Amino acid sequence: MNTRDSEIMLQLLEQNGYLLSNDLASAEAVIVNTCSIRGKAEQKAYSFIGSLRRLKEDNPDLIIAVAGCVAQQEGQKMKVRMPHVDIILGPQSIYQLPDLFQQVANERKGIISTTQSKDFTIPSFLPSLKHGLPHKRFVTIMQGCNNYCTYCIVPYTRGQEVSRRRSDILAEVRHLVASGVREITLLGQNVNSYGNDQPQEERTSFPELLRQVAAVPGLVRLRFTTSNPKDLSPALMACFQDLDNLCHHFHLPVQSGSNAVLRAMNRRYTVEEYMAQVAGLRQACPDISLTTDIIVGFPGETAADFQATMDLMEKVRYDSAFSFKYSSRPPAKSCDFEDTVSDEEKVERLAIFQNRQREITGERYQEFVGRTLEVMIEGMSKMGNGQWSGRSSHNLIVNFHSPASYSPGDLEHVTITEGCLNSLRAELNKEKVKND
Ligand code: SF4
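Every value quoted in this text rests on a predicted model; they were computed, and no experiment measured them.

A. Summary view of the domain arrangement of the chain. The assigned domain composition of the chain is domain 1 (2-113), domain 2 (123-247), domain 3 (248-367) and domain 4 (372-435). Between the C-alpha centres of domain 2 and domain 4 the distance comes to 28 Å. For the side of domain 2 that touches domain 4, the per-class residue count stands at 3 nonpolar, 1 polar and 3 charged.

Structure, rendered in structure tokens:
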């Protein structure tokens, strides 16, 4: 979401005559887009914003804006702590950034724009393709979340769920595809709730929206993220059977394998229900790649609860997992819970989880060896060894040698030869080489 918000702010400023600069020292304005989902990210943001004080002293006309969740959450507190910041704006205010710049330039006084309106609507917006990879883009379909998982600050920083108008989403997708984009990822905090805030007569469910986006002529690949398992419907599973361009990857955050911990987290599903969702997805799409998010050391998590997470991981066999140790994030409700797991224990559990996940990822990658996959090219491999790099439908990175020259978004068929730590190695499909 933050990446997409940064793209939107950049485009709005460019439309108002600003140019992107790579040189911090000579820039006329600096925008820091922040994330507060983990304590570490917030500390890093504060440290970077603090380091800008010097620049402001050297150039008092410099405009410093801080956007994102830390800005939303801290507001006035940030202004007191970082008086050199000119604009503090929350996620709902990013569309007003050019006006806020103008206001600061005219009035020379700081602005805090963090109001969250229940009547907020995501404006119509046709993105430019000036920056970033030319073949793939994110499209925001909703903002905010109503779920109040007890560890999470998103409902406080991004507000309540607001679904974007279906016609705006489709217009943006058509515009992108007509401009050469081949892969779209639909974005929302919980895409499965899409439409729930819309009047009954106008409501479109997420699976219906997915089908309409998938039908846009010329769209080669479609992805989405993120889904709360409690809202994953059979209608969404059926999309994996019916839509040829829907990629075979599902990020399904489980967070814990213990029902007691899931209850304390207010996730509103049980391990048994989650496993039924996994089975349903695998039935609809046997080839589906599953990834997840895990928190270890949640308040009250016992050794047996942690073992339950390890057991679940063995059963599901995720292709990869984002895993973190629990840290309290005010004003999330879990800040009031007694933090019963020591930091050493959290570190140890995280290491155990990550080591085993690494092994499972290696084993899963090994299962791809010998298979022929269609890869969408992203460019030359970052390893600098003359290989091409792309992604499979499962969202796995695949590197391979080829005498051909490709553009980002081109498709190639390759045969997997090796599973590496974070990617697959492949060779050009033999049939293809024979026919060329
Ligand atoms: S569903 Fe996701 S975004 Fe919403 S409160 Fe829970 S963890 Fe946060």
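Structure shown, so let's carry the discussion forward.
B. Summary view of the site of the ligand. Around the ligand, the structure places Cys145, Asn147, Tyr148, Cys149, Cys152, Val154, Pro155, Gln189, Asn190 and Asn228. Of the residues belonging to the shell around the ligand, the class tally is 6 nonpolar, 4 polar and no charged.

C. Up close: the sheet that holds strand E5 (residues 136-140). Taken in spatial order, the 3 strands line up as E5-E8-E9 in an open sheet, and their pairing is parallel. Since the sheet does not close on itself, it has two edges, and those belong to E5 and strand E9 (221-225), each with one partner. The average angle at which neighbouring strand axes cross in this sheet is 20°, direction not considered. With 5 bridges connecting them, strand E8 (residues 183-187) and E9 associate as parallel partners. Paired with glutamate 183 across the two strands is arginine 221, which belongs to E9.

D. Region of the structure containing the pairing of E8. The buried fraction of E8 is high, at 4 of 5 residues. The pairing of E5 with E8 spans 5 bridges and is parallel. From the neighbouring strand, lysine 136 faces E8, where its bridge partner is glutamate 183. Handedness of the crossover joining E8 and E9 through helix H9 (residues 206-214) is recorded here as right-handed.

E. Local environment of unusual backbone geometry. The amide bond that connects threonine 225 to the next residue, threonine 226, takes the cis arrangement and shows omega of 5°. By the element assignment, threonine 226 lies in the loop between E9 and helix H10 (234-242). Cis geometry is found at the peptide bond from proline 330 to proline 331, where omega equals 5°. Tracing the backbone shows proline 331 in the loop between strand E12 (320-325) and helix H14 (343-367). Phi at asparagine 395 takes a positive value of approximately 75°, unusual for a residue other than glycine. In this fold, asparagine 395 is placed in the loop between strand E14 (388-392) and strand E15 (397-400).

F. Examining the packing of helix H13 (residues 303-316) against H14 more closely. It is at 11 Å that the axes of H13 and H14 come closest, and there the two elements cross at 10°. As far as their axial angle goes, H14 and H13 are roughly parallel. From H13, Phe306, Thr309, Met310 and Met313 reach across to H14, where they touch Arg349, Phe353, Arg356 and Gln357. Here the contact of H13 with H14 is composed, by residue class, of 4 nonpolar, 2 polar and 2 charged.

G. Here's a closer look at helix H1 (residues 2-15). With 14 residues, H1 extends 20 Å from end C-alpha to end C-alpha; this agrees with the ideal 20 Å at 1.5 Å per step. At the exit of H1 stands glycine 17, carrying a positive phi of roughly 95°.

H. Focus on the nonpolar core. Of all hydrophobic cores here, the largest spans 54 residues; its most connected members are Ile141, Ile184, Leu186 and Val213. The greatest single-element share of this core, amounting to 5 residues, is contributed by H13. Mapping this core onto the domain boundaries places at least three of its residues in each of domain 2 (123-247) and domain 3 (248-367). Beyond its immediate sequence surroundings of up to four residues, valine 213 is in contact with Ile169, Leu170, Val173, Ile184, Leu186 and Leu222. Listed in part, the 20 residues of the second largest apolar core include Val66, Cys69, Met78 and Phe101.

I. Spatial organisation of the sheet that holds E12. Ordered by their spatial adjacency, 3 strands build an open sheet running E10-E11-E12, and the pairing between neighbours is parallel. Edge positions in the sheet fall to strand E10 (249-251) and E12, since each of these pairs with one other strand and no more. Across this sheet, the average inter-strand angle for adjacent strands is 10°, counted without regard to direction.

Quick notes on the rules
- Residues numbered from 1 in each chain as written.
- Predicted model: local features only at pLDDT ≥ 70, side-chain atom pairs only at ≥ 80, totals over all residues.
- Domains from an automatic or database assignment.
- Nonpolar A, V, L, I, M, F, W, Y, C, P; charged D, E, K, R; others polar.
- Near = placed C-beta within 6 Å.
- Pairing = 2+ DSSP bridges.
- Helix = DSSP H or I, 4+ residues; strand = E, 2+ residues; numbered from the N terminus.
- Axes fitted to C-alpha atoms, helices over the stretch in contact; angles between N-to-C directions.
- Buried ≥ 20, exposed ≤ 12 C-beta atoms within 10 Å, placed from the backbone.
- Right-handed = clockwise from strand over helix to strand, strands pointing away.
- Parallel < 35°, antiparallel > 145°, perpendicular 65-115°, else oblique.
- Contact = placed C-beta atoms within 7 Å.
- Expected span 1.5 Å × (residues − 1).
- Core = buried A, V, L, I, M, F, W, Y, C linked by C-beta atoms within 7 Å.

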